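# Report on the structure
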Amino acid sequence: MVKQQLLDQIRADIIAHNVCPDLAKQATNLVMGDGNPDADILFIGEAPGKHEDMQGKPFVGAAGKFLDEMLHIIGLKREDVYISNIVKYRPPNNRDPLPQEKTAFWPYLLRQIKVIEPKLIVTLGRHSMENFLPGLKISNVHGQPKRRGGMVILPLFHPAAALYNNSMRDTLLEDFKTLPKILELINKERK
Ligand code: URA
């Protein structure tokens, strides 16, 4: 089966298994992911917001525009990477995802990772980071790639949090600009 078919199967399973029925009830769309399933880099955000829920695609609102800008700065487009979230339904009023919601979606995210086989996983924000790097503080470890269970995880600040905070925005941009170098090192190691 090709990757897209396998990803479609994960979507179908989330619906069939009735994951987070309370979130599902009030959501317009199940937001699985967007981009190239063969990408080297997988970005993982927290959960869809209003625009993402309406359009069924991750990171299409203000934070997504900023993410696109940062990708452009390092010479990439959305079509070159894959973008998803920990939680696949919009939480009401954009509240933070609950621990049990993150736990419920975790096996499906792991399946997405297995299909995509990214060289680098970039977590966006604290909620996304916590599942991969429990116990660490994003303010201490942002921009530092970490190895966990055969995966390389790069924790970054969330673009939405950085949008209205100049110093966080600068930090996120600086961290983001190191992505090509990190990928180059991973590629060298794999040779
Ligand atoms: N914020 C996220 O974490 N994910 C989205 O898809 C949009 C905004």
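Just so we're clear, the structure is a prediction, and the values are computed from it rather than from any experiment. (Residues numbered from 1 in each chain as written. Predicted model: local features only at pLDDT ≥ 70, side-chain atom pairs only at ≥ 80, totals over all residues. Heavy atoms only, no water.)

Each helix and strand counted, the protein chain has 10 helices and 6 strands in total. When the backbone C-alpha atoms are referred to their principal axes, the protein chain occupies close to 40 × 40 × 30 Å. With 191 residues in all, the protein chain has 48% of them scored as buried. In the protein chain, of all internal contacts separated by at least 6 residues, the share reaching a separation of at least 24 is 73%. Charge centroids of the protein chain, computed over 26 positive and 22 negative side chains, lie 3 Å from each other. (Helix = DSSP H or I, 4+ residues; strand = E, 2+ residues; numbered from the N terminus. Buried < 20%, exposed > 50% of the residue type's maximum accessible area, 1.4 Å probe, protein only. Contact = heavy atoms within 4.5 Å. Lys, Arg positive; Asp, Glu negative; His and termini not counted. Charge placed at Lys NZ, Arg CZ, Asp CG, Glu CD.)

This part covers helix α4 (residues 62-73). Spanning 12 residues, α4 covers 17 Å between terminal C-alpha atoms, matching the ideal 16 Å at 1.5 Å per step. Of the residues making up α4, those classed as buried are Ala 63, Gly 64, Phe 66, Leu 67, Met 70 and Leu 71. End-on, the buried residues of α4 take up no more than an arc of 160°, which puts them together on one face. Opposite the buried face of α4, by more than 90 degrees, sit the exposed residues Lys 65 and His 72. Elements in contact with the buried residues of α4: β2 (41-45), β3 (82-85), β4 (120-124), α8 (159-163) and α9 (166-177). (Expected span 1.5 Å × (residues − 1). Arc of directions from axis to C-beta.)

On to the packing of aromatic side chains. Counted under the stated rule, the structure contains 3 aromatic pairs. Here the aromatic rings of Tyr 89 and Phe 105 are separated by 5.9 Å at their centres, their planes lie at 65°, and the arrangement is edge-to-face. Of the two residues, Tyr 89 is situated in the loop between β3 and α5 (99-116) and Phe 105 in helix α5; the sequence distance between them amounts to 16 residues. On the basis of relative accessibility, which here comes to 0%, the residue Phe 105 falls in the buried class. With 4.9 Å between their ring centres and 75° between their planes, Trp 106 and Phe 132 make a pair best called edge-to-face. Of this pair, Trp 106 sits in helix α5 while Phe 132 sits in helix α6 (residues 126-132), placing them 26 residues apart in sequence. (Phe/Tyr/Trp six-rings, centres within 6.5 Å; stacked < 30°, edge-to-face > 60°.)

As a further point, take the sheet that holds strand β5 (residues 146-148). Spatial strand order, β1-β3-β2-β4-β6-β5: 6 strands in an open sheet with mixed pairing. Both edges of this open sheet fall to β1 (34-35) and β5, since each of them pairs with a single strand only. (Pairing = 2+ DSSP bridges.)

A separate point is the nonpolar core. Proteins that are soluble and globular tend to have nonpolar side chains buried together. Among the nonpolar cores identified, the biggest contains 30 residues, and Ile 14, Ile 44 and Phe 132 are the most heavily contacted of them. The set of elements that each furnish at least two residues to this core consists of α1 (3-16), β2, α5, α6 and α7 (138-141). Residue contributions to this core peak at 6 residues, all from α5. (Core = buried A, V, L, I, M, F, W, Y, C linked by side-chain atoms within 4.5 Å.)

Here α9 contains 12 residues, and its C-alpha end-to-end distance of 17 Å stays within 8% of the 16 Å for a straight helix at 1.5 Å per residue. Looking at α9, one finds that the buried residues are Leu 172, Leu 173, Asp 175 and Phe 176. Down the axis of α9, the buried side of the element spans an arc of 165°, and every buried residue falls inside it. Residues of α9 that are exposed and point more than 90 degrees away from the buried face comprise Asn 166 and Ser 167. Looking at the buried side of α9, the elements it contacts are β2, α4, β6 (151-156), α8 and α10 (179-190). Where α9 begins, one side-chain oxygen reaches toward the backbone nitrogen of Ser 167, 3.2 Å away; that side chain belongs to Asn 165. (Polar contact = N/O pair within 3.5 Å; in protein donor to acceptor, adjacent residues only side chain to side chain.)

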